[in-house]
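Geometric and topological summary
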Amino acid sequence: MKTVQNKKFIDLKTSIPGPKAMALLAEKEQHVHRGPFNTMPTFTEKGEGAL
C-alpha cells in the first residue's frame, strides 16, 4: 500500500478482476446458471467486521 501526504492508496499489480478471480469465474460458469442478478464478476477471499 502506498502512502502519499497521509493518504493510503492500493498499488494494483493485476487487472480487475485478477487472474484468480477469472479462473474462479470460469469454473463457476461451468456449474452455475447465470441468473439475472449476476452482475459483478468478483470474489471475496476474506471479510471481517461487517456486523
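The structure presented is a predicted model; accordingly, all values stated were derived computationally and were not measured.

Focus: the pattern of salt bridges
Tallied over the entire structure, the rule returns 2 salt bridges. The residue Glu48 makes a salt bridge to Lys46 at a minimum N-O spacing of 3.5 Å. We classify Lys46 as exposed; its relative accessible area is 65%.

Some thoughts on the environment of Gly18
Looking at where Gly18 falls in the secondary structure, it is placed in the loop between β2 (7-9) and α1 (19-31). Of the residues examined, Gly18 reaches a relative accessible area of 17% and is grouped as buried. Along the sequence, Gly18 and Thr42 sit 24 residues apart, while their C-alpha atoms lie 8.9 Å from each other.

With respect to the confidence of the model for the protein chain
Taken residue by residue, the protein chain gives an average pLDDT of 79. The fraction at 70 or more is 86%. Taking the mean pLDDT of every element in the protein chain, the minimum, 60, falls on strand β1 (residues 2-4) and the maximum, 87, on α1.

Quick word on the layout of surface pockets
Leftover empty space is mapped by rolling, across the atoms, a probe with the size of a water molecule. What the largest pocket holds in volume is close to 150 Å³. Taken together, Lys20, Ala21, Leu24, Phe43, Thr44 and Glu45 make up the full set of residues lining the largest pocket. Of the residues assigned to the lining of the largest pocket, the class counts are 3 nonpolar, 1 polar and 2 charged.

Quick notes on a nonpolar patch on the surface
A contiguous nonpolar patch, built from Ile10, Leu12 and Ile16 and spanning about 370 Å² of accessible area, is present on the exposed surface. Structurally, the position occupied by Ile16 is in the loop between β2 and α1. Judged by relative accessible area, Ile16 falls into the exposed class, the value being 66%.

Procedures and definitions
- Residues numbered from 1 in each chain as written.
- Predicted model: local features only at pLDDT ≥ 70, side-chain atom pairs only at ≥ 80, totals over all residues.
- Heavy atoms only, no water.
- Salt bridge = Lys/Arg side-chain N within 4 Å of Asp/Glu carboxyl O.
- Buried < 20%, exposed > 50% of the residue type's maximum accessible area, 1.4 Å probe, protein only.
- Helix = DSSP H or I, 4+ residues; strand = E, 2+ residues; numbered from the N terminus.
- pLDDT = per-residue confidence, 0-100.
- 1 Å grid on protein atoms, 1.4 Å probe; cavity = no way out; pocket = protein on both sides within 12 Å on 5 of 7 lines; lining within 4 Å.
- Points joined across faces, edges and corners; volume = space filled by probe spheres on them.
- Nonpolar A, V, L, I, M, F, W, Y, C, P; charged D, E, K, R; others polar.
- Patch = residues over 30% accessible without salt bridge, like charges linked within 9 Å, V, L, I, M, F, W, Y side chains within 5 Å.
- Areas by Shrake-Rupley, 256 points an atom, 1.4 Å probe, with all protein chains shown as cover.

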